[in-house]
Amino acid sequence: MDEAEHARLSRRQVLRQVSGVAAGAAAAGVLAWRLHDLTGERGKPPRPEISLPPGGYAVERSTVLPALGVATGQSVAALVKGAVDAVGGMGRFVRHGDVVVIKPNVAFERAAALGATTNPEVLRALVMLVRDAGAREVRVADNPIESPEACFVRSGVQRAAVEAGATVYLPSPRDFRTLAVPGATWIARWPFFHRPFLGATKVIGVSPVKDHNLCRASMTTKNWYGLLGGRRNQFHQDIHGIIADLALMMRPTLVLLDATRVLFRSGPTGGSLSDVRPGNTVVASTDSLAADAFGWHELLERRGEPLPAYFEKSAARGLGNPDWKAQHVKRVQVG
Amino acid sequence: MGEGVEERIFVRSRKHFRRTYSTREVGIGALLLVGLGLVAGWVAWRGAHPDPELSSAVPLEHRAPASVDRGPLPADLAPAGWREQRLAVFDPSNVYEKIDGREGYYKSFGFQRLHALTLVAPAGGPTVDLELYDLGSPQNALGAAAGEIPASASPRLRDGTLSLVNRNTLYLARGKYYLRAIGSTEAPAVREVLEALGERFSAALPGAALPFSYDLFVPLGVAPGKVSYLAENAFSFGFASGVHLGQLPDGDTELFAVVAGTPAEARALAARFNKAFAEYGKPAGAAGGVSWAEDRDLSRISGAAAAGRMVLGVHSAADVQTARALHEKLATRAASIPDSALVTVPAPPRQEE
């Protein structure tokens, strides 16, 4: 545009051009704002949140039956049956046609004797008990710390589960969905190992009794950590808070505390047989906090020490009663 | 471009605006087509020749280790007939992938790197898992080992290596390294492998001078395996970091020493120890230059005093007379240790629980 042509521009033309440029800039700005995706999450296909059933998978509380069933003895199968029978028998918890998820602790690639994982013989007895109660399908699932395949094989859990008639669910990235946990501090929305829970009607946790370097004791409540995905190690900054969240997340049908062996130091990984002592005990309960408090006092033998903070945090949310001594405890001696 | 030659090359109304192309344009177009053809050909070839790993019939855990830096791990660790499996290296940012929940323990001892390796016996036999921790200093390595070795065991100290085979586990600390080798069973064959590994690592790992605490405590009756080091929170005191400990054979009484930057800092630190001990009980009188305190629950005596840059203390002695006698021996022994041996280790970053 030469000077002469510029001089011929009318005010209307100038306004039109300025307006055009301004409109173009505004449109570009709006478009940029709409497309802005700092985390890259907006660009992914939408994945709706899921929720677990209201009230979880818990059965109706009993005012008559014991809150804790404690079986002691040598036979693993008799221990499992004895503990469950003491709180009403498996028929109270599993009905004909149920699809049951069993969550053992298979966190580490360790031999069963080292006490860092659920005793496979306890799992075997539990699966058979659930099947005998009429379950249509039994699923065994965990999201271990180390390689899932290696953990399930080395711990003996894979073999025991399959031989007893259960289906093993190993986690893969597509098996996780965002779970909404209203009221949770850390996991209000968090990736959850969801595939085993599709169509599930009952959930049973079975965890070993372990010392834990951070939260001091890993038992049935901490066991649900193995259903989380994502960078879950960040929760160690508030380990007691996350365990209280786990208690909120999962309201199980039943929990079993596998104290056939007790990893009393160097947990949760363990490694030395000198860190393991025989417990010869299985505890069954519908109250995770009661079972874990019993484990703290009687199985880890930390009677003189106060319970870890996650008990109080969970109890404050009405998620159980750690005062197991005030509850009806049925102890049985089995073979 | 000369006069009369149209420069525009866009297409209008489905017709070439220009009837001819230049030789250069044709050449560039041909080159692009050849390039695209090469890419397509490479994709097709890769599709026909996939990486055999993708469809390997061998389970992942049985495959040969990937090319991972072995670091300080000696070569060919597998005994005859055994094989190595899954060599992996972890640093502070990802060690949770291996030992989630336990990593804080090693981080409290200055964790820098973990080399992990599994040895597998033939035909589904036993396994031995090796965990070699680089903890940055001999104090940390010995401290981490002391915290995991069973209390009833007596490790051997030889040529700067602390080692013990206990049931299914080899514990070994040498230089800045701490090795745990974990057998899946305590069968004799596994223990043989553990013993052999102890010899291999004792010879292969670079050594370093033992901390001064061995010179200080062992002549006073502390077994070498009972000399330990707490990087933080000694006696559950938040301020008590870098504490060298020696447990006497009675199983209760401990001698301790901390190196401060200056004599003035040592005096201030000794006063903090004495105040903290007193808060757990009641004063038990001053003797030998130490303000002793009696624990209210255990009725045991504790106290500390500065000696140069060191804080020297006795924890949980049976009575004041015993504590005073031990402290005097400790001070006498400490006087023979050169100042150059008083090495301090930076405290690890504090971890939230």
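The structure displayed is predicted, hence computed values, not measured ones.

Rules and cut-offs
Residues numbered from 1 in each chain as written. Chains lettered and ligands numbered in written order. Predicted model: local features only at pLDDT ≥ 70, side-chain atom pairs only at ≥ 80, totals over all residues. Heavy atoms only, no water. Helix = DSSP H or I, 4+ residues; strand = E, 2+ residues; numbered from the N terminus. Rg over C-alpha atoms; globule rule 2.2 N^0.38 Å. Buried < 20%, exposed > 50% of the residue type's maximum accessible area, 1.4 Å probe, protein only. Contact = heavy atoms within 4.5 Å. Areas by Shrake-Rupley, 256 points an atom, 1.4 Å probe, with all protein chains shown as cover. Lys, Arg positive; Asp, Glu negative; His and termini not counted. Charge placed at Lys NZ, Arg CZ, Asp CG, Glu CD. Buried area = accessible area lost by both parts, 1.4 Å probe. Salt bridge = Lys/Arg side-chain N within 4 Å of Asp/Glu carboxyl O. Polar contact = N/O pair within 3.5 Å; in protein donor to acceptor, adjacent residues only side chain to side chain. Nonpolar A, V, L, I, M, F, W, Y, C, P; charged D, E, K, R; others polar. Patch = residues over 30% accessible without salt bridge, like charges linked within 9 Å, V, L, I, M, F, W, Y side chains within 5 Å. Domains from an automatic or database assignment. Core = buried A, V, L, I, M, F, W, Y, C linked by side-chain atoms within 4.5 Å. Pairing = 2+ DSSP bridges. Axes fitted to C-alpha atoms, helices over the stretch in contact; angles between N-to-C directions.

Draft legend 1. Spotlight on the overall build of chain A. On a plain count of helices and strands, chain A comes out with 10 helices and 11 strands. The C-alpha atoms of chain A give a radius of gyration of 27 Å, which is well past the 20 Å a tight globule of 335 residues would have. Buried residues in chain A amount to 56% of all 335 residues. Sequence separation of at least 24 residues holds for 75% of the intrachain contacts in chain A that already meet a minimum separation of 6. In the structure as shown, chain A presents an accessible area of about 14700 Å², 54% of it carried by carbon and sulfur atoms. Between the averaged position of the 41 positive side-chain charges in chain A and that of its 30 negative side-chain charges there is a distance of 3 Å.

Draft legend 2. Expanded view of the interface of chain A and chain B. If you look at the interface, chain A gives 31 residues, while chain B gives 33 residues. Of the roughly 2600 Å² buried at the junction of chain A and chain B (both faces included), carbon and sulfur atoms supply 41%. The salt bridge involving Lys 98 of chain B is made with Glu 146 of chain A; its shortest N-O contact spans 2.7 Å. The interface formed by chain A and chain B holds 19 residue pairs in polar contact (both at pLDDT 80 or more) in total. Every element with two or more residues in the side of chain A that touches chain B is listed here: α6 (148-155) and α8 (239-249) of chain A. If one sorts the elements of the side of chain A that touches chain B by residue count, α6 of chain A sits on top with 3 residues. The residue makeup of the side of chain A that touches chain B, split by class, is 11 nonpolar, 13 polar and 7 charged.

Draft legend 3. Local environment of a nonpolar patch on the surface. On the surface, Val 39, Trp 42 and Val 43 of chain B cluster together to form a nonpolar patch covering roughly 330 Å² of accessible area. The topology assignment puts Trp 42 of chain B in helix α1 (residues 23-48).

Draft legend 4. Geometry of the domain arrangement of chain B. Residues and elements named next belong to chain B. For chain B, the domain assignment lists domain 1 (60-204) and domain 2 (212-341). The interface is formed by 13 residues belonging to domain 1 together with 10 residues belonging to domain 2. Between domain 1 and domain 2, roughly 870 Å² of surface is buried when both sides are summed, and carbon and sulfur atoms account for 67% of that area. Ranking the residues of domain 1 by area buried against domain 2 places Ser 108, Gln 139 and Leu 157 at the top, with a combined share of 39%. Run the count over domain 1 and domain 2 and you get 0 salt bridges. Where domain 1 touches domain 2, the interface holds 1 residue pair in polar contact (both at pLDDT 80 or more).

Draft legend 5. A look at the nonpolar core. Within the largest apolar cluster, 55 residues are counted, with the highest numbers of intra-cluster contacts made by Ile 187, Phe 192, Leu 228, Met 249 and Met 250 of chain A. Listed by contribution, the elements that provide at least two residues to this core are β1 (68-72), β5 (176-180), β6 (189-193), β7 (202-212), α8, β9 (254-263), α9 (288-299) and α10 (309-316) of chain A. At 7 residues, the largest contribution of residues to this core is made by α9 of chain A. Membership of the second largest hydrophobic core comes to 50 residues, among which are Ala 144, Phe 212, Val 222 and Ala 257 of chain B.

Draft legend 6. The arrangement of the environment of Asp 323 of chain A in detail. Assignment of secondary structure puts Asp 323 of chain A in the loop between α10 and β11 (329-333). The spacing of Asp 323 of chain A and Ala 291 of chain A is 32 residues in sequence and 9.7 Å in space, taken between C-alpha atoms.

Draft legend 7. Structural context of the sheet that holds strand β8 (residues 169-174) of chain B. Residues and elements named next belong to chain B. If you walk across this open sheet you meet the 7 strands as β3-β4-β5-β9-β8-β7-β6, and the pairing is antiparallel. One side of each edge strand has no neighbouring strand; the edge strands of this open sheet are β3 (83-90) and β6 (156-158). Geometrically, the sheet is characterised by an average inter-axis angle of 15 degrees between neighbouring strands, direction not taken into account. Strand direction decides the pairing type here: β6 and strand β7 (residues 161-166), joined by 3 bridges, are antiparallel. Paired with Arg 156 across the bridge in β7 is Ser 163. Helix-sheet contacts for helix α4 (residues 138-148) involve β7, β8 and β9 (177-183), and the interaxial angle to β9 is about 30 degrees.

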